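Analysis of the macromolecular model
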Amino acid sequence: MIAPGGTIGILGGGQLGRMLALAAAPLGYRCHIFSPESAGPAAQVSAAETVAPYDDRAALDAFSEAVDVVTVEFENVPAEALERLAEQVPVRPGAHSLRVAQNRITEKDFVCDLGLETTPYAPVEEDSDADDADRRIGRPAILKTQTLGYDGKGQTVLAPGDDVRDAWYGTLGNLPAILEAQVTIEREVSVVVARAPDGSVASFDAVENRHENGILDVTLAPADLSSALAAAARDGAERIVHALDHVGVLCVELFVTDEGRLLVNEIAPRVHNSGHWTIEGCETSQFAQHIRAVCGLPLGSTARRANAAMKNLIGADVEHWRALAADPAAHLHLYGKAETRTGRKMGHVTWLGPLDAPPPLPDWPPSGSIS
């Protein structure tokens, strides 16, 4: 257990690190950010910051001496950095969770080995793989890079008649790829689950996620699922978090097909955008839960205080901040990013409603001044 008064090292300096640091403070912890970029959203609200590349061994060693435990705010930190830090200080989650989630083939193989379903998939790593992938997957399909893709980046949709090789060489630059069948889905959902060092787990209710241009736009809590599907989604997430021996929060994104099947899409071994609603909507937020888990404290209650709707403020959406700040029902979170760019997450807003009513999603854009 890391007692209150200790320092939590966070690899990554974005908005997830910011909200982790804000959640750590009421529990009596300080946070120290390690990031290649200075003065990011997380560093603005933290006690200390180290600015260095993730492969800077000297900086990692100094960082390990300054903190009591290390965690991550995103999954693309090199696993080697975590392994080096783990020689000196507890690292939660460990490198294994990141290695599995960083590669889409490894991730899907891992999920299928647990007896969970995914969309059909095939690797495309060299020219000779293209014909085999075509035969196995067919059309429509999605060709994705095996690593580093997020928010719709690093992927392209293939319609009947589209050539895998053309997309692989032209759009993806012949990087190692995966061809996934594009299935008909009824909705996309996710489950955020936390696991403590003693193996205890606590899951939040499954939520529905709606995307625009490959980026999460809206999360509705809870998802409109049958009790059986909701339980299956939760059980699948808990099976994954146990199999990884993961400590901390983890999110599992799933497709619900029009036939009522659950297909695991992705694992995020960290706090997740679809869990932001828990800050106001649950007894314990996903961020406070992650701090509890990585410090070895008892996990908090995941009970919903309300039904909720969360909307990301992407790019110019943030210009509506005045109207949102004037809305007494809106819980506004701005991330402190200096530059607004198309597709960039600048903040989010959450609305709460009664437990016995649908999630309260207002019309968008909000009425009132936007400047």
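Placed above this text is the structure.
Attention here is on the structure that accompanies the text. Since we're looking at a predicted model, the values are computed, not measured.

We now examine the side chain of His 348. Positionally, His 348 belongs in strand 17 (residues 345–353). Exposure remark for His 348: the relative accessible area of 0% places this residue in the buried category.

A sheet is described by the order of its strands in space; here four strands give the open sequence 3-2-1-4, paired in parallel fashion. The open sheet has two edge strands, strand 3 (48–51) and strand 4 (69–72), and neither has a second partner. When strand polarity is set aside, the average angle formed by the axes of neighbouring strands in this sheet is 25°. Where helix 2 (residues 57–66) meets the sheet, it contacts strand 1 (7–11), strand 2 (30–35), strand 3 and strand 4, and its direction lies at approximately 175° from that of strand 2.

Now for the packing of aromatic side chains. Under the defined criterion, the tally for this structure stands at four aromatic pairs. Ring geometry for Phe 34 versus Phe 63: centroids 5.2 Å apart, planes at 65°, classification edge-to-face. One end of the pair, Phe 34, is in strand 2; the other, Phe 63, is in helix 2, with 29 residues separating them in the sequence. Phe 63 gets classed as buried once you look at its relative accessible area, which sits at 1%. A centroid spacing of 5.0 Å and a plane angle of 55° characterise the contact between Trp 168 and Tyr 169, whose relative ring orientation is tilted. The class for Trp 168 is buried, based on a relative accessible area of 3%. An aromatic cluster is defined as three or more aromatic residues linked by ring pairs; in this entry it consists of Phe 34, Tyr 54, Phe 63 and Phe 74. The ring of Trp 364 carries the charged tip of Lys 311 above its face, separated from the ring centre by 4.9 Å.

Turning next to the nonpolar core. Note that soluble globular proteins tend to have their nonpolar side chains buried in a common cluster. Core analysis: the biggest nonpolar cluster contains 35 residues, and Ile 8, Tyr 29, Trp 277, Phe 287, Ile 291 and Cys 295 have the highest contact counts within it. Of all elements in the fold, only strand 1, helix 1 (15–24), strand 2, strand 9 (185–195), strand 12 (215–221), strand 13 (248–257), helix 10 (286–295) and strand 15 (307–314) reach the threshold of two or more residues within this core. In terms of residue count, helix 1 provides more of this core than any other element does, six residues in total. With sequence-adjacent residues up to four places away left out, Ile 8 is seen in contact with Ala 24, Tyr 29, Arg 30, Cys 31, His 32, Val 67, Val 69, Thr 71, Ile 291 and Cys 295. With 23 residues, the next largest nonpolar core counts Val 111, Val 193, Ala 223 and Leu 229 among its residues.

Counting buried residues in helix 1 gives nine out of 10 residues, a clear majority hidden from the surface. Buried residues of helix 1: Gln 15, Leu 16, Gly 17, Arg 18, Met 19, Leu 20, Ala 21, Ala 23 and Ala 24, and no others.

Quick look at the packing of helix 4 (residues 95–102) against helix 5 (residues 104–113) now. Between helix 4 and helix 5, the shortest axis-to-axis distance is 5 Å and the interhelical angle comes to 105°. Judged on the interaxial angle alone, helix 5 and helix 4 are roughly perpendicular. Every residue of helix 5 that contacts helix 4 at His 96, Arg 99, Val 100, Ala 101 and Gln 102 is listed here: Arg 104, Thr 106, Glu 107 and Phe 110.

What counts and what doesn't
Residues numbered from 1 in each chain as written. Predicted model: local features only at pLDDT ≥ 70, side-chain atom pairs only at ≥ 80, totals over all residues. Heavy atoms only, no water. Helix = DSSP H or I, 4+ residues; strand = E, 2+ residues; numbered from the N terminus. Buried < 20%, exposed > 50% of the residue type's maximum accessible area, 1.4 Å probe, protein only. Pairing = 2+ DSSP bridges. Axes fitted to C-alpha atoms, helices over the stretch in contact; angles between N-to-C directions. Contact = heavy atoms within 4.5 Å. Phe/Tyr/Trp six-rings, centres within 6.5 Å; stacked < 30°, edge-to-face > 60°. Lys NZ or Arg CZ within 6 Å of the ring centre and 35° of its normal. Core = buried A, V, L, I, M, F, W, Y, C linked by side-chain atoms within 4.5 Å. Parallel < 35°, antiparallel > 145°, perpendicular 65-115°, else oblique.

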